[in-house]
Amino acid sequence: MSAHTELPQADTESAGSCCGGACHTDAAATEGAFTAVYEVKGMTCGHCEGAVSSEISELADVTSVQASAATGQVTVVSTAALDEEAVRAAVDEAGYELV
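Rules used throughout
- Per chain, residue numbering runs from 1 following the sequence as it is written.
- Selection of residues for local features in this predicted model requires a pLDDT of at least 70, selection of side-chain atom pairs for listing and counting requires 80 or more, and totals for whole chains, interfaces and linings are taken over all residues.
- For the side-chain quantities, the full set of heavy atoms in the structure was used; hydrogens and water were omitted.
- A pair is scored as a salt bridge if a Lys or Arg side-chain nitrogen falls within 4 Å of a carboxyl oxygen belonging to Asp or Glu.
- Here a helix means four or more residues in a row that DSSP labels H or I, a strand means two or more in a row labelled E, and each is numbered from the N terminus.
- The classification of residues rests on relative accessible area computed with a 1.4 Å probe and restricted to protein chains. Under 20% of the type maximum is buried, over 50% is exposed, and intermediate values are partly exposed.
- Starting at the helix axis, one direction is taken to each C-beta atom, and the arc is that of these directions.
- Should any heavy atoms of two residues lie within 4.5 Å, those residues are considered in contact.
- By definition, two strands form a pair when at least two bridges between them are found by DSSP.

1. Considerations on the pattern of salt bridges
Applying the stated criterion across every chain, the model contains two salt bridges. In this structure, Arg 88 engages Glu 84 in a salt bridge whose closest nitrogen and oxygen atoms are separated by 3.3 Å. In this pair, Arg 88 and Glu 84 are both assigned in helix 2 (residues 84–94), four residues apart and thus about one turn of the helix distant. By relative accessible area, Glu 84 is classed as partly exposed at 22%. For the salt bridge of Glu 85 with Arg 88, the shortest nitrogen-to-oxygen distance reads 3.6 Å. Of this pair, Glu 85 and Arg 88 both sit in helix 2, three residues apart, roughly one helical turn.

2. Overview of helix 2
All of the buried residues along helix 2 are Val 87, Ala 90, Val 91 and Ala 94. The buried side chains of helix 2 occupy one side of the element, clustering within an arc of 95 degrees when seen end-on. The exposed residues of helix 2 that point more than 90 degrees off its buried face are Glu 85 and Glu 93. Turning to helix 2, the residues buried within the fold contact strand 2 (34–41), helix 1 (46–57) and strand 5 (97–98). Positioned one or two residues after helix 2, Gly 95 has a phi angle of 100 degrees, which is positive.

3. Here's the deal with the pairing of strand 2
Sheet faces and side chains relate simply in a regular strand, where the side chains alternate between the two faces. As paired strands, strand 2 and strand 4 (residues 73–78) are joined by six bridges and run antiparallel to one another. Note that in strand 4 the partner of Ala 36 across the bridge is Val 76. Taken together, the two bridges between strand 2 and strand 5 define a ladder with antiparallel strand orientation. Bridging across to strand 5, Lys 41 finds its partner in Glu 97.

Here it is in structure tokens:
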């Protein structure tokens, strides 16, 4: 089972950002974006993070992927809700396990 959260992103200015959103230009700040956090088992280094990020980035609608071996979490931003089985297949293709 993965920790999976999909929420439309709030406007950074109304969310109380310390800089009023001026320094945030990535896809996560885009209105209508979905953010999902997945737990991935087996990532131990930067190479692992890159492999998982690369595979997930190839999924339709994905705009940003941030993998962390230290926490085992992968944060994915997309323009539409992602199919968990498609994410699972991408993680498997990279050689890791979605938990």
